[in-house]
Amino acid sequence: MTRVTSAQKIAAARAEGRPALIGYLPAGFPDVATSIEAAVALAENGVDVIEIGIPYSDPVMDGSVIQEATVQALANGFKVPQIFDIVRGITERTDVAVMVMTYWNPVLRLGVDEFSRRFAEAGGAGLITPDLVPDEAAEWIQASEKHGLERVFLIAPSSTEARVQRTVDASSGFVYCVSLMGVTGARTEVSSAAQAVVAAAHNAGAENACVGLGVSRREHVEEIGAYADGVIVGTALVAALRDGGVPAVGALAAELSGRA
Amino acid sequence: MSTPENSEHRQSIDAQSLRHASGPYFGAYGGRWMPESLMAAMDELNETFEAAKNDPEFIAQVKDLNKNYSGRPSLLTEAKRFSEQYCGGVRIFLKREDLNHTGSHKINNVLGQALLAKRMGKTRIIAETGAGQHGVASATAAALMGLECVVYMGAEDTRRQALNVARMRLLGATVIPVTVGSQTLKDAINEALRDWVANVDNTHYLLGTAAGGAPFPAMVRYFHEVIGDEAREQILAQAGRLPDAVTACIGGGSNAIGIFHGFLDDPEVEIYGYEAGGDGVDTDRHAATITLGRPGVLHGAKSYLMQDEDGQTVESHSISAGLDYPGVGPEHAYLADIGRVKYEPVTDTEAMDAFKALCRTEGILPAIESAHALAGTIRLAARKIAEGAVPEETIIIANLSGRGDKDVGTAAAWFNMIDEKDAEAEINAATAQNSGSQKSEEK
């Protein structure tokens, strides 16, 4: 099995003249088996890159929808090593790139190198790290190089030029451009700050700049796709899974990707 | 800050000085393990703090507030009857942070940070609180300086500490009960961080303990250093020499690092931090983070952390809400690793016994947090005597970090001082009444 990277999938989307669609779902919500099925439904309905979030006790960057889902996943007994089963379950059945989004302490606890090794063996492409900045990432940079994993760091509207440069230089795969100052959650309009964040990333040399936070509709995908390389949808998909199960996730993904 | 009689001694060990460790790292601990969205605000705070420390006007403002608003210097009281009856005659001196305005050491930090918030042009402060002490202190500083104040507090804590919620509201603060996660102090911090990310342009997060990402640990210590500086000068004046040991309770560790600061560079002074042992460290109901935790990252810093095998934060338990936190400041983690400070657990029972002991021997009602330091002091005195120390030639300073007015309900229930089975309701009523009369006295 050759691993599919997010860089490959974003390049492929670009070749088709469209932005990559990146979809987020929490691991183990509502249970491990369903979270795999939901991810497969994303892949079958036009999502290029899947982000699986590791439920964590203190998710400071998440709004209420994702918090409630991850609290439920933990209450249902989700254990961190199950992330490798989920990643394997998705990569065996799809050709999407599978990223894991995780707060840092669960990785630290298992061991950064150990986590990276097992994740790479499961077919994972890389990690998105919302509370790890390059300044503290020496151990992760070393492990990701060793195991061939992509490192996706975040930049925000508040990031200075110097910090954008540092983050772009430390990232691989893509740079996650936070569209607004706030936590995850669907919003009716995409913040006007997003375009400036993407421009800052491109100016700093980022090949792939993808926009997340507050993105929930096809019109957002089209609007952001005009200037960004990828569009990240999270909360809306989690809400769909919560309310309508796997079919609802598939239907929303089809709508977001323009297939429906 | 250093006393003249010791300046030579100070200079000779400056190379290994521990007391002014500036961060962002303390050995392997500290740093900034937090979202990029907050990095600009953390940089701004750091720059403002560094500039303020070197600005005579700022230093004068802090000194003036400490003296004329908080009532500093706080006293150093020799507890003679407590010493005779519980410490085998070992001389015990209490650093009386309980006498500060708002009743604890917390005021030192909130005044300093509120001044910094104003220097940064911020108009709004947010804070987390467990039992309400830091929330009350923050609301106080906000009222004094004309800042908007929002306090996040676990929903469960707002019910247990209804009186402190009312105090904060009287002071003009908005109290937001946190209903997510475990609804405890750590979740109040999470919510405050979420608020900060969304409102960082006009808002300063006034963190209440010496934890969090840099510069918070070193900055919070800086504002509490006055405790240790005063205690050092006072003991030299009152006893003519440095103490044999200094003790403090430790949750996040702000009162402890404040008093430790005064003595870290005096190798002859032993230093002890007492963690909340809850029901005992052989149970799963405690908050003994350094004793039983493992290094990890939470709320912006790498430090010891109570966590499970998956790195999920474990809920802590203590009779003292102020010590009921599953993390600890990174400087303490470092001081523990290098052995300069010894950290030991004190159970709820030991703390409450010491609480009562101080009430009955000295007429001082300590905060239950501070009672942990007293219990540790009793244990330490016994150990010193067992090791052959001459009691009356042995001196221990215990940091009495706060007063126990807020704990009357908890203590009366613990000691079964109310006859009826609905003791709690009666105590709540009594506390409310008591507080009502206090308020009218204050007017």
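The structure presented is a predicted model; accordingly, all values stated were derived computationally and were not measured.

Visitor: Kindly report on the overall build of chain B, identifying the contributing residues and their values.
Guide: Scanning chain B from terminus to terminus reveals 17 helices and 14 strands. Against the 2.2 N^0.38 benchmark of 22 Å for 443 residues, chain B shows a C-alpha radius of gyration of 20 Å, consistent with a compact globule. Each principal axis of the C-alpha distribution contributes one length, and for chain B these read about 60 × 60 × 50 Å. Expressed as a percentage of its 443 residues, the buried residues of chain B come to 58%. In chain B, the share of contacts with a sequence separation of at least 24, taken over all contacts with a separation of at least 6, comes to 74%.

Visitor: Describe the interface of chain A and chain B, with residues and values.
Guide: Every contact between the two is made by 33 residues of chain A and, on the other side, 26 residues of chain B. At five residues, the largest contribution of residues to the side of chain A that touches chain B is made by helix H5 (residues 104–110) of chain A. When its residues are assigned to classes, the side of chain A that touches chain B shows 18 nonpolar, eight polar and seven charged.

Visitor: Go over the nonpolar core with me, naming the residues and quoting the values.
Guide: Core analysis: the largest hydrophobic core is formed by 230 residues, its most contacted members being Ile50(A), Met99(A), Val175(A), Cys177(A), Ala201(A), Cys210(A) and Val231(A). When residues of this core are assigned to domains, at least three fall in each of domain 1 (33–70 + 106–216) and domain 2 (76–103 + 225–414) of chain B. If near-sequence neighbours (up to four positions away) are discounted, Ile50(A) is found in contact with Gly23(A), Ala39(A), Leu42(A), Ala43(A), Ile90(A), Val96(A), Val98(A) and Met99(A).

Visitor: Lay out the sheet that holds strand E9 (residues 245–250) of chain B in plain terms, naming residues and giving numbers.
Guide: All names here are of chain B. As summarised here, the arrangement of the six strands in space is E3-E4-E14-E9-E10-E13, forming an open sheet in which the pairing is mixed. Lying at the two open borders of the sheet, with one neighbouring strand each, are strand E3 (76–78) and strand E13 (341–347). Strand after strand, the sheet turns through a mean of 25° between neighbouring axes, direction not considered. As defined by bridge partners, E9 adjoins strand E14 (residues 395–400) across three bridges and the pair is classed as parallel. Opposite Ala245, over in E14, you have Ile396 as the bridge partner. The strands that helix H13 (residues 330–337) touches are E9, strand E10 (270–278) and E13; relative to E13, the one it contacts most, it runs at about 110°.

Visitor: Report on the pairing of strand E2 (residues 49–53) of chain A, specifying residues and quantitative values.
Guide: Residues and elements named next belong to chain A. Among the five residues that make up E2, five are buried, leaving the element largely enclosed by the rest of the structure. Where burial is concerned, the two faces of E2 agree: the one with Val49, Glu51 and Gly53 and the one with Ile50 and Ile52 are both buried. Here strand E1 (residues 20–26) pairs with E2 via five bridges, running parallel. By the bridge assignment for E2, Leu25 is matched with Ile52. Following the chain from E1 across helix H2 (residues 32–44) to the adjacent parallel E2, one finds a crossover that is right-handed. Sheet topology places E2 next to strand E3 (residues 97–101); five bridges connect them, and they run parallel. The residue of E3 that forms the bridge with Val49 is Ala97.

Visitor: Explain unusual backbone geometry to me, using residue names and the numbers behind them.
Guide: Cis geometry marks the peptide bond from Gly23(B) to Pro24(B), where omega comes out at 0°. With respect to the helices, strands and loops of the structure, Pro24(B) is situated in the loop between helix H1 (7–12) and strand E1 (25–26). Omega for the peptide link from Arg72(B) to Pro73(B) comes to 0°, which places this bond in the cis form. The residue Pro73(B) is located in the loop between helix H3 (56–70) and E3 in this model. Despite not being glycine, Leu213(A) shows a phi value in the positive range, around 90°. For Leu213(A), a count of 27 C-beta atoms within 10 Å puts it in the buried group. The backbone of His299(B) shows a phi angle near 55°, a positive value even though the residue is not glycine. Relative to the helices and strands, His299(B) is located in the loop between strand E11 (294–298) and strand E12 (300–305). For His299(B), a count of 28 C-beta atoms within 10 Å puts it in the buried group.

Visitor: Before we move on, could you go through the sheet that holds strand E8 (residues 203–205) of chain B and cite the residues and values that matter?
Guide: All names here are of chain B. One open sheet holds the four strands; their spatial order is E7-E6-E5-E8, and the pairing between them is parallel. What marks the edges here is a single partner per strand, and that holds for strand E7 (174–178) and E8. Ignoring strand direction, the axes of neighbouring strands in this sheet form an average angle of 25°. In this sheet, strand E6 (residues 148–154) lies alongside strand E5 (residues 124–129) in parallel orientation, the contact comprising six bridges. From the neighbouring strand, Glu128 faces E6, where its bridge partner is Tyr152.

Visitor: How would you sum up the domain arrangement of chain B? Please name residues and give values.
Guide: All names here are of chain B. When cut into domains, chain B gives domain 1 (33–70 + 106–216) and domain 2 (76–103 + 225–414). Averaged C-alpha coordinates put domain 1 and domain 2 at centres separated by 24 Å. Of all elements in the fold, only H3, helix H5 (106–119), helix H6 (133–145) and helix H9 (185–199) reach the threshold of two or more residues within the side of domain 1 that touches domain 2. Classifying every residue of the side of domain 1 that touches domain 2 by side-chain character gives 11 nonpolar, 13 polar and three charged.

Visitor: Can you break down the environment of Ala97(A) residue by residue, with the values?
Guide: Residues and elements named next belong to chain A. When you line up the elements, Ala97 lands in strand E3. Between the C-alpha atom of Ala97 and that of Gly124, which follows or precedes it by 27 residues, the distance is 7.3 Å. Aside from chain neighbours lying at most four places away, what touches Ala97 is Val4, Thr5, Ser6, Gln8, Lys9, Val49 and Ala125.

So, how was this worked out
Residues numbered from 1 in each chain as written. Chains lettered and ligands numbered in written order. Predicted model: local features only at pLDDT ≥ 70, side-chain atom pairs only at ≥ 80, totals over all residues. Helix = DSSP H or I, 4+ residues; strand = E, 2+ residues; numbered from the N terminus. Rg over C-alpha atoms; globule rule 2.2 N^0.38 Å. Buried ≥ 20, exposed ≤ 12 C-beta atoms within 10 Å, placed from the backbone. Contact = placed C-beta atoms within 7 Å. Nonpolar A, V, L, I, M, F, W, Y, C, P; charged D, E, K, R; others polar. Core = buried A, V, L, I, M, F, W, Y, C linked by C-beta atoms within 7 Å. Domains from an automatic or database assignment. Pairing = 2+ DSSP bridges. Axes fitted to C-alpha atoms, helices over the stretch in contact; angles between N-to-C directions. Right-handed = clockwise from strand over helix to strand, strands pointing away.

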